[in-house]
Amino acid sequence: MSTIGQVIKCKAAVAWERGKPLCIEDVDVAPPKVHEVRIKIIATGVCHTDWEYLYETEKGMKFRPFPLVLGHEAAGVVESVGPEVTKFSPGDKVIPLFLPQCGECKRCQCPKTNHCRKNWENTQMGVLADGTSRISCKRQQVFQFLGVSSFSEYTVVPDTSLAKIRSDAPLDKVCLLGCGVSTGYGAAVNTAKVEKDSLCAVFGLGAVGLAAVMGCQVAGAKRIIGVDINPDKFEKAKAFGATECVNPRDHSKSIQEVLVAMTDGGVDYALECVGSPDVMSAALESTADAWGTCVIAGWTETEEMKVKVLKILMGRTLKGTYFGGEPKMSLPLDQINVAFGLLKSGKSIRTVINL
């Protein structure tokens, strides 16, 4: 029986309040409205940003209302489309996007940025264009994290926040393009513009960091130094292209001093993939003066980074990137809290939840 035009009842991992584990609930997902698409989520990554919002909101992230369904890195299949949707049809394989691309605004027309602002204010607060969510539970509106909410078996997103992909794409793998891989790889290739035979350092060897390592390798970097306090990640980092790895805890000097000594003056490119202001400062100070470039890919919304003015005056460049893996684990939706535990403990680079 067709579900088109009907409310779909399904399972979702609901965050009722901050600091509490997610609850697997029966939710109602309303049909899509104008310029909206309803998707059956097949696989979703568990990103550190999801964990951080649940457990550290108002520390590194701005407050967004509860209850909500987290999840923003996913892949699925179009179930139905709302009025005036022309680019998607039921059955299409898609990746939802937390950063829209309307293709028409000034920013979309500019080759310098991907920062479209279509429905931006609304989706950042967990609602769609009309100011409401399409998910409800126990007769209560449930907000959609970043306008996506991929920790639900079904969700509804704007048609400008969706990318159609090949019909033969393996959804449990390409879902990582929805955040981690695109961010890390793009930080190296698009934002830093890593050059052949350059020296690079990647701070943080999670999904974003490994994608950054891969980007540096593809760009032809001669030396790629992975930096992480978890040595269990080093073997995989080397498989992705790191030439060597360093644990800051193994040294009495600061990590920037260690890297400057290792590279005879500093690296050409430093990619920060942690989201820590202290690590950001260390990454900048690990670059060579006169030409070093530091790109911030790690996410934090409210914290401040300390920058010594002299480090910039001497010719370094500090840039940011937004939305610019393996090993992964695969778990069912009801194991979502286990996935958060694996993420926090460092035992999983990226866990993929099968819905």
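Source: prediction; values computed, not measured.

### A closer look at the overall build of the chain
In step 1: Counting its regular elements, the chain contains 11 helices and 18 strands.
In step 2: The C-alpha atoms of the chain give 20 Å as radius of gyration, which agrees with the globular expectation for 355 residues (20 Å, within 12%).
In step 3: Seen through its principal axes, the chain has C-alpha atoms that stretch 65 × 40 × 40 Å.
In step 4: Buried residues in the chain amount to 54% of all 355 residues.
In step 5: For the chain, the exposed surface amounts to about 15,700 Å²; the carbon and sulfur share of it is 52%.
In step 6: Positive and negative side-chain charges of the chain, numbering 41 and 39 respectively, have mean locations separated by a distance of 1 Å.

### Re the sheet that holds strand β4 (residues 68-69)
In step 1: Pairing in this closed barrel of five strands is mixed, and the strands run β1-β2-β7-β8-β4 around the ring.
In step 2: Across seven bridges, the pairing between strand β1 (residues 8-15) and strand β2 (residues 23-29) is antiparallel. Bridge pairing in β2 links Lys-11 to Asp-26.

### Concerning the nonpolar core
In step 1: Counting 49 residues, the largest nonpolar core has Val-27, Leu-68, Leu-70 and Phe-98 as the members making the most contacts within it.
In step 2: For this core, the leading source of residues is β1, giving six residues.
In step 3: The next biggest cluster of nonpolar side chains, apart from the first, holds 24 residues, and it includes Ala-187, Leu-205, Cys-216 and Val-295.

### Brief notes about the domain arrangement of the chain
In step 1: Domain boundaries assigned for the chain yield domain 1 (9-178) and domain 2 (181-320).
In step 2: Computed from C-alpha atoms alone, the centre-to-centre distance between domain 1 and domain 2 is 30 Å.
In step 3: Taken residue by residue, the interface counts 10 residues in domain 1 and seven residues in domain 2.
In step 4: In total, about 770 Å² of surface goes out of reach between domain 1 and domain 2, with carbon and sulfur atoms giving 44% of it.
In step 5: Contact with domain 2 buries surface across domain 1, with Gly-60, Lys-62 and Leu-177 losing the most and accounting together for 43% of the total.
In step 6: The interface formed by domain 1 and domain 2 holds one salt bridge in total.

### Details of the pattern of salt bridges
In step 1: Counting across every chain of the model gives 13 salt bridges.
In step 2: The salt bridge involving Arg-134 is made with Asp-130; its shortest N-O contact spans 3.0 Å.
In step 3: Judged by its relative accessible area of 3%, Arg-134 is buried.
In step 4: Put simply, Asp-172 and Lys-173 hold a salt bridge, and the shortest N to O gap is 3.9 Å.
In step 5: Connected through shared salt-bridge partners, Lys-33, Glu-36, Asp-130 and Arg-134 make up one network.

### Let's talk about helix α5 (residues 180-192)
In step 1: At Gly-186, α5 shows its strongest bend, of approximately 45 degrees.
In step 2: Listed as buried for α5 are Gly-180, Val-181, Thr-183, Gly-184, Gly-186, Ala-187, Ala-188, Thr-191 and Ala-192.
In step 3: Looking at the residues trailing α5, positive phi occurs at Lys-193, about 55 degrees.

Rules and cut-offs
Residues numbered from 1 in each chain as written. Predicted model: local features only at pLDDT ≥ 70, side-chain atom pairs only at ≥ 80, totals over all residues. Heavy atoms only, no water. Helix = DSSP H or I, 4+ residues; strand = E, 2+ residues; numbered from the N terminus. Rg over C-alpha atoms; globule rule 2.2 N^0.38 Å. Buried < 20%, exposed > 50% of the residue type's maximum accessible area, 1.4 Å probe, protein only. Areas by Shrake-Rupley, 256 points an atom, 1.4 Å probe, with all protein chains shown as cover. Lys, Arg positive; Asp, Glu negative; His and termini not counted. Charge placed at Lys NZ, Arg CZ, Asp CG, Glu CD. Pairing = 2+ DSSP bridges. Core = buried A, V, L, I, M, F, W, Y, C linked by side-chain atoms within 4.5 Å. Domains from an automatic or database assignment. Contact = heavy atoms within 4.5 Å. Buried area = accessible area lost by both parts, 1.4 Å probe. Salt bridge = Lys/Arg side-chain N within 4 Å of Asp/Glu carboxyl O. Bend = angle between axes of the 7 residues up to and from the residue.

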